[in-house]
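# Overview (structure and organization)
Given next are the chains, with one letter for each unit.
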Amino acid sequence: TQLLEQSPQFLSIQEGENLTVYCNSSSVFSSLQWYRQEPGEGPVLLVTVVTGGEVKKLKRLTFQFGDARKDSSLHITAAQPGDTGLYLCAGASYNQGGKLIFGQGTELSVKP
Amino acid sequence: NAGVTQTPKFQVLKTGQSMTLQCAQDMNHNSMYWYRQDPGMGLRLIYYSASEGTTDKGEVPNGYNVSRLNKREFSLRLESAAPSQTSVYFCASSEASTGVGQPQHFGDGTRLSIL
């Protein structure tokens with residue numbers, strides 16, 4: 001069974017600070033997605049990374065896929081209160097028929 | 001611009017009661033999914049339907065059944081609800097289930113409480 005371990009599970013920071021969320025596995029994934037979920041809503045896709053070593057930027061968010069495609073990270077620069085939410089990583093692999101395996105999530109709170 | 005619509009949004013049941021959660025998507029997607037979300041456990045796949053006419057078990061299928069009514073609709077049924085099934089249920093859809101991880105589009109969830 002493929003597992004994705006996310007860390008930290010909870011993160012509370014002040015506005016303007018930087019942070020990194022990690023998503024790790026012992027399994028190789030063909031792609032990895034990051035979602036953001038706000039209270040009372042469903043997850044919304046932020047980015048998909050498919051190539052080992054790939055880096056994608058979305059404004060103040062930087063996503064990286066590990067060279068071996070077993071891990072990923074999300075770095076937020078100068079966090080804003082609007083970044084508050086649950087961040088989920090999800091991996092897909094061909095031997096799982098393309099189904100997504102989700103990490104446990106990181107609950108981020110950015111205080112003004 | 002509805003995307004994925006789930007009904008109801010909230011429901012309280014008594015142990016042993018049955019109910020069906022409804023999900024419909026208007027994006028002409030082939031694949032649909034049902035997940036449950038519990039604190040600290042991310043999203044766990046209950047059942048999925050890769051295409052109209054097919055359904056398969058996910059990680060936690062016990063106590064649930066599904067029906068892919070047509071390409072748009074995918075329902076989840078609890079035949080005899082148990083307190084362990086108290087959770088938030090999400091329906092999602094994607095263009096296809098194969099390939100390098102098709103992005104999934106989620107509904108806003110059904111919050112189900114079983115007493």
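Okay, so let's go over this structure. (Residues numbered from 1 in each chain as written. Chains lettered and ligands numbered in written order. Predicted model: local features only at pLDDT ≥ 70, side-chain atom pairs only at ≥ 80, totals over all residues. Heavy atoms only, no water.)

Moving on to the overall build of chain A. Looking only at helices and strands, chain A has zero helices and 11 strands in total. The secondary structure elements of chain A, listed N-terminal to C-terminal, are β-β-β-β-β-β-β-β-β-β-β. Its C-alpha atoms give chain A a radius of gyration of 13 Å, near enough to 13 Å, the size a compact globule of 112 residues would have. Each of the 112 residues in chain A was classed as buried or not, and the buried ones make up 48%. Put simply, 55% of the contacts in chain A that link residues at least 6 apart link residues at least 24 apart. Roughly 5,200 Å² of accessible area belongs to chain A as shown, and the carbon and sulfur atoms make up 51% of that amount. (Helix = DSSP H or I, 4+ residues; strand = E, 2+ residues; numbered from the N terminus. Rg over C-alpha atoms; globule rule 2.2 N^0.38 Å. Buried < 20%, exposed > 50% of the residue type's maximum accessible area, 1.4 Å probe, protein only. Contact = heavy atoms within 4.5 Å. Areas by Shrake-Rupley, 256 points an atom, 1.4 Å probe, with all protein chains shown as cover.)

Our next topic: the overall build of chain B. Per the secondary structure count, chain B includes zero helices and 11 strands. Secondary structure of chain B in N-to-C order comes out as β-β-β-β-β-β-β-β-β-β-β. Against the globule reference of 13 Å for 115 residues, chain B gives a C-alpha radius of gyration of 13 Å, in line with a compact fold. Summarising its shape, the C-alpha atoms of chain B cover approximately 40 × 25 × 25 Å along the three principal directions. Expressed as a percentage of the 115 residues in chain B, the buried residues total 46%. Partitioning the intrachain contacts of chain B with sequence separation of at least 6 by distance along the chain shows that 55% fall at a separation of at least 24. Of the roughly 5,300 Å² of accessible surface on chain B, 48% is carried by carbon and sulfur atoms. Distance between charge centroids for chain B: 6 Å, based on 10 positive and 9 negative side chains. (Lys, Arg positive; Asp, Glu negative; His and termini not counted. Charge placed at Lys NZ, Arg CZ, Asp CG, Glu CD.)

Buried together is how nonpolar side chains tend to be arranged in soluble globular proteins. Residue and element names in this part refer to chain A. Core analysis: the biggest nonpolar cluster contains 21 residues, and L19, L32, W34, L74, I76 and L108 have the highest contact counts within it. Residue assignment for this core shows that the elements contributing at least two residues are β3 (19-24), β4 (31-37), β5 (44-49), β7 (61-65), β8 (71-76), β9 (85-92) and β11 (106-111). In contact with L19, not counting residues within four places along its chain, are L11, I13, L74, H75, I76, A79 and L108. (Core = buried A, V, L, I, M, F, W, Y, C linked by side-chain atoms within 4.5 Å.)

Here the focus is the interface of chain A and chain B. Opposite the 23 residues of chain A that make contact, chain B presents 21 residues. Between chain A and chain B lies a buried interface of about 1,700 Å² when both sides are counted; carbon and sulfur atoms form 56% of it. A per-residue breakdown of the area chain A buries against chain B is headed by P43(A), K99(A) and F102(A), which together make up 27% of the total. Taken together, the links from chain A to chain B amount to zero salt bridges. Contributions of two or more residues to the side of chain A that touches chain B are made by β4, β9 and β10 (100-102) of chain A. Looking at the side of chain A that touches chain B element by element, the count peaks at four residues for β4(A). A class-by-class count of the residues in the side of chain A that touches chain B yields 10 nonpolar, 11 polar and two charged. (Buried area = accessible area lost by both parts, 1.4 Å probe. Salt bridge = Lys/Arg side-chain N within 4 Å of Asp/Glu carboxyl O. Nonpolar A, V, L, I, M, F, W, Y, C, P; charged D, E, K, R; others polar.)

All right, on to the pairing of strand β9 (residues 87-94) of chain B then. All names here are of chain B. When you tally the buried positions in β9, you get seven out of eight residues, the bulk of the element. For strand β4 (residues 31-37) and β9, the ladder comprises seven bridges, and the chain directions are antiparallel. Bridge pairing in β9 places M32 opposite S93. Alignment of β9 against strand β11 (residues 110-114), held across three bridges, turns out to be antiparallel. By the bridge assignment for β11, S87 is matched with L112. Strand direction decides the pairing type here: β9 and strand β10 (residues 105-106), joined by two bridges, are antiparallel. (Pairing = 2+ DSSP bridges.)

Residues and elements named next belong to chain B. Reading across the sheet, the four strands line up as β1-β3-β8-β7 and stay open at both edges, with antiparallel pairing between neighbours. Single-partner strands in this sheet number two, and they are β1 (4-7) and β7 (64-68). For this sheet the average axis-to-axis angle between neighbouring strands, irrespective of direction, equals 15 degrees. As defined by bridge partners, β7 adjoins strand β8 (residues 74-78) across five bridges and the pair is classed as antiparallel. The partner of S67 across the bridge, within β8, is S75. (Axes fitted to C-alpha atoms, helices over the stretch in contact; angles between N-to-C directions.)

Here the focus is the state of the cysteines. Note on terminology: a disulfide is the covalent bond linking the sulfur atoms of two cysteines. Residues and elements named next belong to chain A. Within this structure, the stated rule accounts for two disulfides over all chains. With its sulfur 2.0 Å from that of its partner, C23 forms a disulfide with C89. In this structure, the disulfide formed by C23 and C89 twists by about 75 degrees around the S-S bond and is classed as right-handed. One end of the pair, C23, is in strand β3; the other, C89, is in strand β9, with 66 residues separating them in the sequence. The pair formed by C23 and C89 is uniform in burial state, with each residue classed as buried. (Disulfide = S-S within 2.5 Å.)

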